[in-house]
Amino acid sequence: MRAYGFTTIGGPSCEEFLDVPEPVAGPGELLVRVRAVGVNPGDWRLREGAYGDVAPAVLGREVAGTVATLGPGVSGFAVGDEVFGGCPDMQGGFAPLARVTAGFAAHRPSAVSPEAAAVLPVAAGTAYDALTALDLPRGATLLVNGAGGGVGLPVVQLARARGLRVVGTASPAKHALLAGLGATPVAYGAGVVERIRAAAPDGVDGVFDLVGGDALRAVAGLVDPKRLRSVADKPLVRELGGDEVPRDRSSAVLTALVELVAAGELDPHVREVFPFDEAGAAMRAVEGGHALGKVTLRL
Ligand SMILES: NC(=O)c1ccc[n+]([C@@H]2O[C@H](COP(=O)([O-])OP(=O)(O)OC[C@H]3O[C@@H](n4cnc5c(N)ncnc54)[C@H](OP(=O)(O)O)[C@@H]3O)[C@@H](O)[C@H]2O)c1
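About the criteria used
Residues numbered from 1 in each chain as written. Predicted model: local features only at pLDDT ≥ 70, side-chain atom pairs only at ≥ 80, totals over all residues. Heavy atoms only, no water. Buried < 20%, exposed > 50% of the residue type's maximum accessible area, 1.4 Å probe, protein only. Helix = DSSP H or I, 4+ residues; strand = E, 2+ residues; numbered from the N terminus. Contact = heavy atoms within 4.5 Å. Near = heavy atom within 4 Å. Polar contact = N/O pair within 3.5 Å; in protein donor to acceptor, adjacent residues only side chain to side chain. Areas by Shrake-Rupley, 256 points an atom, 1.4 Å probe, with all protein chains shown as cover. Phe/Tyr/Trp six-rings, centres within 6.5 Å; stacked < 30°, edge-to-face > 60°. Lys NZ or Arg CZ within 6 Å of the ring centre and 35° of its normal. Pairing = 2+ DSSP bridges. Right-handed = clockwise from strand over helix to strand, strands pointing away. Axes fitted to C-alpha atoms, helices over the stretch in contact; angles between N-to-C directions. Core = buried A, V, L, I, M, F, W, Y, C linked by side-chain atoms within 4.5 Å.

Colleague: Which residues make up helix α4 (residues 152–161), and what are the values?
Modeller: By the criterion of burial, α4 is predominantly enclosed, with eight of the ten residues buried. Buried within α4 we find Gly152, Leu153, Pro154, Val155, Val156, Gln157, Leu158 and Ala159. Tucked into the core, α4 has its buried residues touching α3 (120–134), β9 (141–145), β10 (165–169), α5 (175–180), β12 (206–209) and α9 (251–262).

Quick look at the structure:
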C-alpha cells in the first residue's frame, strides 16, 4: 500500500511516500477505505519527534471514508458505512486504508462531505472540549488567541452558539471572516493587550490559546489563570498557572459536531483540498503556521 509518512525523525525532507503493509483492524477498531484526511500541526510535530521516536510512521490522525472491515468487539458500525473518526496512535491516515478507533468514530450524514467530516475529530473536537473545560456562562467574553486557524474558526462558532462574546487575535487578512462569524477581530503583535482591552472593555473571562510562546505570554495576564487554556504550548501554559485541554475523543462529541455541520450551524472551513500525490504540499501549507481554516487531502 502506498502511504505518506517518514522513516526518520526530523524536518520536512524526512517525508516520503512509503510502501507499507495494509493495516488490519485491531480490537475496537475499524478499517476504513480513506476518502479524505485532515492535515494538522500535530502531523509535523509527530514527524519532528514531539511524541517520541515513532519512525517509521504514516502521517494523518483523522480520516473520513467507508468501513472496509470491523475489528473484534466493534458494534454500531457495519461494512460499507460512511464514517469519520480519529486514528489510534495518532497516525496512519495518509493512506488508502487506515485504522480508526471505533469509540472515536461516527457516521457521516450524506449532507456533509468527506472533507468536512475528516477535519472534525482533531480541530473541532478540540474546540468543543476547550469550551467544555472553560465552562464560561452565557454573556462571558472569550479571547481566542489564533482565531483564524483550524481550531480557531470552530471555537469561534461554537462559542457564539453558546452565547459567549468572542474576541479573536488574527492577521488582518482574516478579520473580515472572523467578524462575519460574530467575533471581534484584533491584530496580534505589539500593542495586542491594549487592543483586546479596547475590544472588551469589561475584561476577558477566559482565554483559549492556539499559538503558544510569546503570543501566549502576551495575553495570559488578561485572565484568572484558572480560565487560561492552551493546546499549543502545554509546558508554558502550566508555568503560567493555566492548563491544557483534556480531550474527550468520543463518538458522542463527533456526532454532535457533524449534526451541527449538517444543520449549517458549524462550518469547519475546509479551505484547501490537495490530491494525495501532493501530500507534501498539504503538510507545508499547515507547517507554515498561518493556515486559514483547514487543509485536507482527498484520496
Ligand atoms: N489536543 C491537542 O493537543 C491539539 C489539538 C489541535 C491543535 N493543537 C495545537 O493547537 C495549535 C493550533 O492548531 P490549529 O490546527 O488551529 O493550527 P493552524 O490551523 O495552523 O492555525 C494557527 C493559527 O494561528 C495564527 N497565528 C500564528 N501566529 C500567531 C500569533 N502570534 N498570534 C495570533 N495568531 C497567530 C495563524 O494565522 P494568522 O497568523 O494568519 O492569523 C493560524 O490561523 C497548534 O499548535 C496545534 O498543534 C493541539
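The rest of the description comes next.
Colleague: Talk me through the site of the ligand; I want residue IDs and the actual numbers.
Modeller: Taken together, 24 residues lie near the ligand, and Arg45, Ser171, Lys174, Tyr188 and His290 sit nearest. Take Arg45: an N or O atom from its side chain is 2.6 Å from an oxygen atom of the ligand. Considered on its own, the ligand offers 920 Å² of accessible surface; in the complex 89% of this is hidden by protein. Secondary structure elements with two or more residues in the shell around the ligand: α1 (41–48) and α3.

Colleague: Which residues make up the packing of aromatic side chains, and what values do they have?
Modeller: In this structure the tally under the stated criterion is three aromatic pairs. Ring plane angle 65° and centroid distance 4.8 Å describe the contact between Tyr4 and Phe17, whose orientation is recorded as edge-to-face. Residue Tyr4 is found in strand β1 (residues 2–6), and its partner Phe17 is found in strand β2 (residues 15–19); the two are separated by 13 residues along the sequence. The buried category is assigned to Tyr4, whose relative accessible area is 6%. Ring plane angle 25° and centroid distance 6.4 Å describe the contact between Tyr4 and Phe94, whose orientation is recorded as stacked. Of this pair, Tyr4 sits in strand β1 while Phe94 sits in the loop between β6 (82–86) and β7 (97–101), placing them 90 residues apart in sequence. Each of the two residues, Tyr4 as well as Phe94, counts as buried. Aromatic rings pair up to connect Tyr4, Phe17, Phe94 and Phe276 into one cluster. Here Arg2 stacks its cationic end above the ring of Phe17, 3.8 Å away from the centre of that ring.

Colleague: Explain the pairing of β9 to me, and be specific about the residues and the numbers.
Modeller: Counting buried positions along β9 gives five out of five residues, so the element sits mostly inside the fold. Of the two faces of β9, both are covered, the one formed by Thr141, Leu143 and Asn145 as well as the one formed by Leu142 and Val144. Looking at chain direction, β9 and β10 are connected through five bridges and run parallel. What sits directly across from Thr141, in β10, is Arg165. Once the chain exits β9 it traverses α4 before rejoining the sheet at β10, and the crossover so formed is right-handed. Bridge count between β9 and β12: four bridges; the pairing is parallel. In the sheet register, Leu142 faces β12, and the bridge partner there is Gly206.

Colleague: Now, about the sheet that holds β2: what can you tell me, with residues and values included?
Modeller: Strands in a sheet are paired, the pairing made by backbone hydrogen bonds, and the direction either parallel or antiparallel. Pairing is antiparallel in the open sheet, where three strands are placed in the order β2-β1-β4. Every interior strand has two partners, whereas the edge strands, β2 and β4 (57–58), have only one. Of the strand pairs in this sheet, β1 and β4 are connected by two bridges, and their pairing is antiparallel. Bridge pairing in β4 places Phe6 opposite Ala57. Helix α10 (residues 279–287) contacts β1 and β2 of the sheet and is inclined by roughly 145° relative to β2.

Colleague: Outline unusual backbone geometry, supporting the account with residue identities and numerical values.
Modeller: With an omega of -5°, the peptide bond between Ala55 and Pro56 qualifies as cis. Mapped onto the secondary structure, Pro56 falls in the loop between α1 and β4. You will see that Asp135, though not glycine, has its phi angle at about 50°, which is positive. Within the fold, Asp135 resides in the loop between α3 and β9. Under the relative-accessibility criterion, Asp135 is labelled exposed at 53%. Notably, His269 is not glycine yet its phi reads approximately 55°, a positive angle. With respect to the element layout, His269 can be found in the loop between α9 and β14 (270–275). The exposure class assigned to His269 is buried, which follows from its relative accessible area of 7%.

Colleague: So what's going on with the nonpolar core? Residues and values would help.
Modeller: Phe84, Leu142 and Phe208 are the most contacted members of the largest nonpolar core, which has 40 residues in total. Of all the elements in the fold, those that place two or more residues in this core are α2 (114–118), α3, β9, α4 and α9. The contacts of Leu142, once residues within four sequence positions are left out, are Leu131, Leu134, Leu136, Ala159, Leu164, Arg165, Val166, Val167, Gly206, Val207 and Phe208.

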